[in-house]
Protein chains: 2
Amino acid sequence: MPKKKSHKEGLRDLSAIFKEHRLKITRQRLEIFKVLASMEDHPSAEDVYAAVKTKIPTISFDTVYRSLALFERHGVLGRVQSLDDRTRYDPNTSPHYHLVCKTCKTIRDFSWPDLDELTAPDDIKEWGAIEKKYLEFRGICRECLAREKGP
Amino acid sequence: MPKKKSHKEGLRDLSAIFKEHRLKITRQRLEIFKVLASMEDHPSAEDVYAAVKTKIPTISFDTVYRSLALFERHGVLGRVQSLDDRTRYDPNTSPHYHLVCKTCKTIRDFSWPDLDELTAPDDIKEWGAIEKKYLEFRGICRECLAREKGP
DNA sequence: GTAAGTGCAAATGATTTGCACAGCG
DNA sequence: CGCTGTGCAAATCATTTGCACTTAC
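## With respect to the pairing of strand β3 (residues 97–101) of chain B
Residue and element names in this part refer to chain B. Most of β3 is tucked away, with 5 of its 5 residues classed as buried. With 4 bridges connecting them, β3 and strand β4 (residues 107–110) associate as antiparallel partners. Looking at β4, one finds that His98 is bridged to Asp109. Alignment of β3 against strand β5 (residues 128–141), held across 4 bridges, turns out to be parallel. Across the sheet, residue Leu99 finds its bridge partner in β5, namely Phe137.

What follows is the structure in C-alpha cells.
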C-alpha cells in the first residue's frame, strides 16, 4: 500500500498542534483540518465546506473561512493562488512547487532539488529581505490533453 | 527576423501593435496602453483608471477592465497576482520573475539566467504540457524594512 | 453603414463582518 | 463563568455584464 504524504502524520497529533499554537480546539476546527489533510489536491474554501458539511451538517461557510484564515496565520496551512480566482489551501508546509493545469485548475505538488540549491542573483540582496520562494509551472495536464484530442 | 518587443518600443508603435492584432484603435485604448507602459511598477486596474482619468475624464472603470482583459488575451500584457487581491498588469512581456514586498505590495521585475537554463525534473514531463514558468520571491523591500525600524 | 467599443448602472461571486447565542478552558 | 468561536444574514469589494448610444473602419 502506498503511504500517504507526511502531513498525514500531523493529523494524528492534531490537538497537539492546536495546543502548541494556543488555538481553541473545537469540533469544527478539527474536522476542517482533517478534511484538508485528507484531500490530495489543493481544495478551495468551498471544497472544504462541502466536505466538512457531510460530517457537521450545521457548519457555516464563514466558520470554514475563519478557520482557514486562522490556520494560515499560524503557519499550519499554506495558501495558493489559483487560476480561477478562488483561494486554494495547501496542508503541505514543507517546501515544494506547483504544477497548475489551466484547463481543469488542479494543482499538483512537485519538488525540484536543483532549484532549492540554486543561488539567487546578487542584485536581489539589495532589494530587501526575501522570505519565501514561489514557483509554479502552468500548462495542461495529461488528462485534459487527452480529453481535448478525443471528445 | 521576429522583432523583439520591449514595452518601450511597443509604446512608439502602438497603433502598429493594435493593427497587428486587429484591435480597433480608440482613444481610450491608446491612453490605457500608454499609461501602463509608462508606469514603472505593476499597476492595478484602479491605478490605471486613476491615471487615464486625468487624460480622459469621462472614461469608465469597465472600459479599463475590458481593455486590460483584451490586451491580456492578445498577449500584449501580462497579469500578475498580487498579495492584496487585486490583479496587477505587467507591460513587460519578456521572460522575467518578480520580487513582491508583502508590506507595501510593490512588485519589481528581476531576471535570473541560471533559472532560465535549469532543466525541470523528469517526472514533470509526464504530468502534461508545460507552457509557462512563474517564479516570485516574497519578502520585505529595503524601504519597508527601514520604515519598520525607525518611524 | 455596420459591427464593435463605450458609459452607465446594476449584477455577480468570493470573502468578510456585526451580532446574539453556544461551548471551550 | 468569562471570553472566544459559531451561525446567520447582511455587507464588501473587485470585477463583470446588459443595454442603448457612439465611433472606428
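## Digging into the environment of Arg22(B)
Residue and element names in this part refer to chain B. Note that Arg22 resides in the loop between α2 (14–20) and α3 (27–38). Since its relative accessible area comes to 77%, Arg22 is described here as exposed. Each C-alpha atom, one on Arg22 and one on Cys101, is 37 Å from the other, the two residues being 79 residues apart in sequence.

## Describing the protein's contact with DNA strand D
Among the 17 residues in the neighbourhood of DNA strand D, the closest are listed as Thr26(A), Arg29(A), Asp62(A), Thr63(A) and Tyr65(B). Protein-proximal atoms of DNA strand D, defined as those within 4 Å of the protein, fall in sugar or phosphate at a share of 68%. In the environment of DNA strand D, a sugar or linking oxygen lies 3.1 Å from a nitrogen or oxygen atom belonging to the side chain of Gln28(A). In this structure, Arg66(A) approaches DNA strand D through a side-chain N or O atom, which is 3.0 Å from a base oxygen. Of all elements in the fold, only α3 (27–38) and α5 (61–73) of chain A together with α5 (61–73) of chain B reach the threshold of two or more residues within the surface near DNA strand D. By residue class, the composition of the surface near DNA strand D is 3 nonpolar, 6 polar and 8 charged.

## Notes on the domain arrangement of chain A
Frequently, the measure chosen for interface size is the accessible area removed from exposure when the parts meet. Residue and element names in this part refer to chain A. In terms of domains, chain A is made up of domain 1 (7–90) and domain 2 (97–149). The centre of domain 1, based on its C-alpha atoms, is set 23 Å off from the matching centre of domain 2. At the interface, 9 residues of domain 1 touch 11 residues of domain 2. Considering only the side of domain 1, the residues that lose the most area to domain 2 are His42, Val80 and Leu83, jointly responsible for 56% of the buried surface there. There are 0 salt bridges connecting domain 1 and domain 2.

## As for the pattern of salt bridges
In a structure, side chains of opposite charge can pair up when their charged atoms sit close to one another. All chains considered together, the criterion is met by 19 salt bridges over all chains. Residue Lys102(B) pairs with Glu131(A) through a salt bridge whose shortest N-O separation is 2.8 Å. Remark: Glu131(A) occurs in strand β5 (residues 128–141) and Lys102(B) occurs in the loop between β3 and β4; the pair is interchain, linking two chains. The exposure class of Lys102(B) is partly exposed, given its relative accessible area of 41%. Exposure remark for Glu131(A): the relative accessible area of 47% places this residue in the partly exposed category. Here Arg138(B) and Glu136(B) are joined by a salt bridge, their closest N and O atoms 2.7 Å apart. Note on Arg138(B): relative accessible area 22%, which makes it partly exposed.

Rules and cut-offs
- Position numbers for residues start from 1 in each chain and track the written sequence from start to end.
- As a convention, the first chain written is A and the first ligand written is 1, with the rest following in written order.
- Selection of residues for local features in this predicted model requires a pLDDT of at least 70, selection of side-chain atom pairs for listing and counting requires 80 or more, and totals for whole chains, interfaces and linings are taken over all residues.
- To get the side-chain values, all heavy atoms of the structure are used, and hydrogens and water are removed first.
- Only protein chains enter the accessibility calculation, which uses a 1.4 Å probe; a residue is then buried when its area is under 20% of its type maximum, exposed when over 50%, and partly exposed in between.
- A helix here means a DSSP run of H or I that spans at least four residues, while a strand means a run of E at least two residues long, and both kinds are numbered starting from the N terminus.
- Pairing between strands requires that DSSP locate at least two bridges from one strand to the other.
- A molecule or strand has a residue near it when one of that residue's heavy atoms lies within 4 Å.
- Polar contacts here mean pairs of N or O atoms no more than 3.5 Å apart (in protein, one a potential hydrogen donor and the other a potential acceptor; neighbouring residues in sequence count only if both atoms are side-chain atoms).
- Residue polarity follows a fixed list, in which Ala, Val, Leu, Ile, Met, Phe, Trp, Tyr, Cys and Pro are nonpolar, Asp, Glu, Lys and Arg are charged, and the others, Gly among them, are polar.
- Start and end points for every domain follow an automatic or database-based domain assignment.
- Only heavy atoms matter for contacts: two residues are in contact if any of them lie within 4.5 Å across the pair.
- Here the buried area means the combined drop in accessible surface, using a 1.4 Å probe, for two parts upon being joined, counting both sides.
- In the sections that follow, a salt bridge refers to a side-chain nitrogen of Lys or Arg positioned within 4 Å of a carboxyl oxygen of Asp or Glu.

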